[in-house]
There are 2 protein chains.
Amino acid sequence: MFESYHQILKRNRYKVTPQRKAILEVLDNTRGMHFTAEEIYNQVKKTNPQIGIATVYRTLELLVRLEIVYKSSFDEGRHRYEFYEGDRHFHHHFLCNKCGVIIEVEEDYLCQLEGVLEERGFMISNHNLRLYGLCPACHRKEKHPETR
Amino acid sequence: MFESYHQILKRNRYKVTPQRKAILEVLDNTRGMHFTAEEIYNQVKKTNPQIGIATVYRTLELLVRLEIVYKSSFDEGRHRYEFYEGDRHFHHHFLCNKCGVIIEVEEDYLCQLEGVLEERGFMISNHNLRLYGLCPACHRKEKHPETR
DNA sequence: ACCTAATTGATAATAATTATCATTTGCAAT
DNA sequence: ATTGCAAATGATAATTATTATCAATTAGGT
Ligand SMILES: [Zn+2]
Ligand SMILES: [Zn+2]
Ligand SMILES: [Zn+2]
Ligand SMILES: [Zn+2]
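Here's what I pulled together on the structure shown here. Nothing here was measured: the structure is a model prediction, and the numbers come from that model. Per-chain numbering applies: the sequence of each chain, read as written, is numbered from 1 onward. Each chain gets a letter, beginning with A, and each ligand a number, beginning with 1, in the order they are written. Note on the predicted model: pLDDT of at least 70 is required for a residue's local features to be given, and 80 or more for side-chain atom pairs to be given and counted; whole-chain, interface and lining totals, by contrast, use all residues. Each side-chain value is derived from all of the structure's non-hydrogen atoms; neither hydrogens nor water enter the calculation.

**Examining the relation of the copies chain B and chain A**
Relating the two copies of this chain is a rotation about some axis coupled with a shift parallel to it.
And step 1. Mapping chain B onto chain A is achieved by rotating through 179 degrees and translating by 0.0 Å along the same axis, at an RMSD of 0.1 Å. The superposition of one copy onto the other is thereby described by a two-fold rotation axis. Measuring from the rotation axis to each C-alpha of chain B, the shortest distance belongs to Leu129 of chain B, at 2.2 Å.
And step 2. The contact rule is simple, with two residues in contact once any of their heavy atoms fall within 4.5 Å. Of all interface residues in chain B, 100% are interface residues in chain A too; the two copies therefore contact each other through one and the same surface. Fitting of the copies onto one another was done by least squares over C-alpha atoms, counting residues only where both copies have pLDDT of at least 70.

**A word on the layout of surface pockets**
And step 1. In this structure, the second largest pocket encloses a volume near 540 Å³.
And step 2. Here a cavity is any set of points on a 1 Å grid over the protein atoms alone where a 1.4 Å probe fits but cannot get out, and a pocket is any open set with protein on both sides within 12 Å along at least 5 of 7 lines; a residue lines the site when it has an atom within 4 Å of a point. Looking at the second largest pocket, it is lined by 17 residues, and the ones nearest its centre are Val64, Tyr70, Lys71 and Asn126 of chain A together with Tyr132 of chain B.
And step 3. For the lining of the second largest pocket, the leading source of residues is strand E2 (residues 69–73) of chain A, giving 5 residues.
And step 4. Taken together, the residues of the lining of the second largest pocket break down into 5 nonpolar, 8 polar and 4 charged. Grid points are joined across faces, edges and corners, and a volume is the space filled by probe spheres set on the points. Helix numbers and strand numbers start at the N terminus; a helix is a DSSP run of H or I with at least 4 residues, a strand a run of E with at least 2. Gly counts as polar in this scheme, as do all residues outside two lists: the nonpolar Ala, Val, Leu, Ile, Met, Phe, Trp, Tyr, Cys and Pro, and the charged Asp, Glu, Lys and Arg.

**Some points on the pattern of salt bridges**
And step 1. Throughout this description, the term salt bridge denotes a Lys or Arg side-chain nitrogen within 4 Å of a carboxyl oxygen of Asp or Glu. Within the structure shown, the criterion is met by 14 salt bridges over all chains.
And step 2. A salt bridge links Glu107 of chain B to Arg120 of chain A, with the shortest nitrogen-to-oxygen separation between them at 2.4 Å. With Glu107 of chain B in the loop between strand E5 (102–105) and helix H5 (111–119) and Arg120 of chain A in the loop between helix H5 (111–119) and strand E6 (123–134), the pair connects residues from two separate chains.
And step 3. Residue Glu107 of chain B is classed as partly exposed on the basis of its relative accessible area of 25%.
And step 4. Using a 1.4 Å probe on the protein chains alone, a residue whose accessible area is under 20% of its type maximum counts as buried, one over 50% counts as exposed, and one in between counts as partly exposed. Accessibility expressed as a relative area gives 43% for Arg120 of chain A, which makes it partly exposed.
And step 5. Between Lys71 of chain B and Glu61 of chain B there is a salt bridge whose closest N-O contact spans 2.9 Å. Taken together, the positions of Lys71 of chain B in strand E2 (residues 69–73) and Glu61 of chain B in helix H4 (residues 53–65) put the pair 10 residues apart, joining distant regions of the chain.
And step 6. When its relative accessible area of 31% is taken as the criterion, Glu61 of chain B is described as partly exposed.
And step 7. In this structure, a network of salt bridges that share partners links the residues Glu39, Glu76 and Arg80 of chain A.

**Notes on the protein's contact with DNA strand C**
And step 1. Nearness is defined per residue: one heavy atom within 4 Å of the molecule or strand is enough. Near DNA strand C, the surroundings consist of 21 residues, among which Thr17, Arg20, Thr55 and Arg58 of chain A together with Tyr57 of chain B are the closest.
And step 2. A share of 66% of the atoms of DNA strand C within 4 Å of the protein falls on sugar and phosphate groups.
And step 3. Each polar contact in these results corresponds to two N or O atoms within 3.5 Å; when the atoms are within protein, one needs to be able to donate a hydrogen and the other to accept it, and residues that are neighboring in sequence are counted only if both atoms are side-chain atoms. At a separation of 3.2 Å, a phosphate oxygen of DNA strand C approaches a polar side-chain atom of Gln50 of chain A.
And step 4. Of all the secondary-structure elements, those providing two or more residues to the surface near DNA strand C are helix H2 (18–29) and helix H4 (53–65) of chain A together with H4 of chain B.

**Side note on the packing of H2 of chain A against helix H3 (residues 37–47) of chain A**
Residue and element names in this part refer to chain A.
And step 1. Packing of H2 against H3 leaves a shortest axis separation of 9 Å and a crossing angle of 115 degrees. Of the two possible hands of crossing, H2 and H3 adopt the one that is right-handed. Across the interface between the two elements, Ala22, Ile23, Val26 and Leu27 from H2 touch Ile40, Gln43, Val44 and Thr47 from H3. Axes here refer to lines fitted to C-alpha atoms; in helices the fit is confined to the stretch in contact. Angles between the N-to-C directions go from 0 to 180 degrees. Each crossing gets its handedness from the near helix: less than a right angle anticlockwise from the far helix is left-handed, clockwise is right-handed.

**Side note on the coordination of the zinc ion (ligand 4)**
Perfect tetrahedral coordination of a metal by four donors corresponds to 109.5 degrees between them, and perfect octahedral coordination by six donors corresponds to 90 or 180 degrees.
All names here are of chain B.
And step 1. With distances of 2.1 to 2.4 Å, the protein atoms coordinating the zinc ion (ligand 4) are His34 (NE2), Glu82 (OE), Glu82 (OE), His91 (NE2), His93 (NE2) and Glu104 (OE).
And step 2. The donor definition counts N, O and S atoms within 2.8 Å of each metal and applies 3.2 Å to Na, K and Ca; water is not among these atoms, so some sites may look incomplete. Binding-site remark: the zinc ion (ligand 4) is held by donors from one chain whose sequence spacing is H-x47-E-x8-H-x1-H-x10-E. Of this pair, His34 sits in the loop between helix H2 (18–29) and strand E1 (35–36) while Glu82 sits in strand E3 (residues 79–83), and the two are 48 residues apart along the sequence. Per residue, the accessibility class of His34 equals that of Glu82, and both read buried.

**Quick notes on the protein's contact with DNA strand D**
And step 1. Near DNA strand D there are 20 residues, and of these Tyr57 and His79 of chain A together with Thr17, Thr55 and Arg58 of chain B occur at the shortest range.
And step 2. Each atom of DNA strand D within 4 Å of the protein was classed as base or backbone; sugar and phosphate made up 68%.
And step 3. Measuring from a phosphate oxygen of DNA strand D, one finds a backbone N or O atom of Gly52 of chain B at 3.2 Å.
And step 4. If you list the elements that add at least two residues to the surface near DNA strand D, you get H4 of chain A together with H2 and H4 of chain B.
And step 5. Class assignment of the residues belonging to the surface near DNA strand D gives a composition of 7 nonpolar, 7 polar and 6 charged.

Okay, here's the thing in structure tokens:
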């Protein structure tokens, strides 16, 4: 599984450097999280203190190009990265307006809409859906404020 | 209709300046379009050559705060603005991978997904969906390249 | 062990957006 | 109509995420 990223790099004639391995390891250890380049940089520095942030940006772009990593914007003025789990139709993200948590939503439910559009002549290759509101914890607190 | 924006500004004790009127007018004349701050700046300069781009940014932020204007990111490294048509559940956007056109999609089709999440304890207040692929024109050309 | 093109780290450059601040102005009260 | 002043503006500096540059280092094939 971790070996396979090694293979993908070799197959595309990219070198397997300690920096690239360290960045892949951080991403692998934080599945389900959505980290910024700087957050990944700070994680990687723990094991590779000499690494430069330019290498982190370059490596992330490479991994995005190789479709190993998915790059998202949640409109915060910077990007977040996570392992690409291999679905062309990627999972959705729920963002809590109160606590800021990002929760992944695996259900698709867009097939119907995409079907309508394809009947209309579109070809849909991907989608990006963000849902906003209150996560269950914040929603519960809002309904029962006395339990705070 | 244009009067109402005047009213909204006054009601919230903001001054109705020529710059704000000019920016609202540009947005009003380009409904269905999705312009960047700079594009709006260039439009407004035609009637108000003295305007500064800082005023455009400030006014757009104000209008977003007043929920008159909606601000979107299409991951191009800058934002785009359009009149908020008053729906809390905003229309979707289709982006053509080939010609770059942005087409609005009015159909919702997210109620089912949002219902599932609300059963799970979430409260969904808004969503943001971007669809990617080929617009009908580009899709047709791809299927019949000889007609180019 | 050697060679060389790829990679790295430091840092400068870029570009969108925001902050600063002196000047101007909308508008409410006179 | 005139005045007073907080709000708004325009010019521009600052900020911030990201990209480009380039000399030094290194992975991986020979
Ligand atoms: Zn929450
Ligand atoms: Zn995710
Ligand atoms: Zn197209
Ligand atoms: Zn739109």
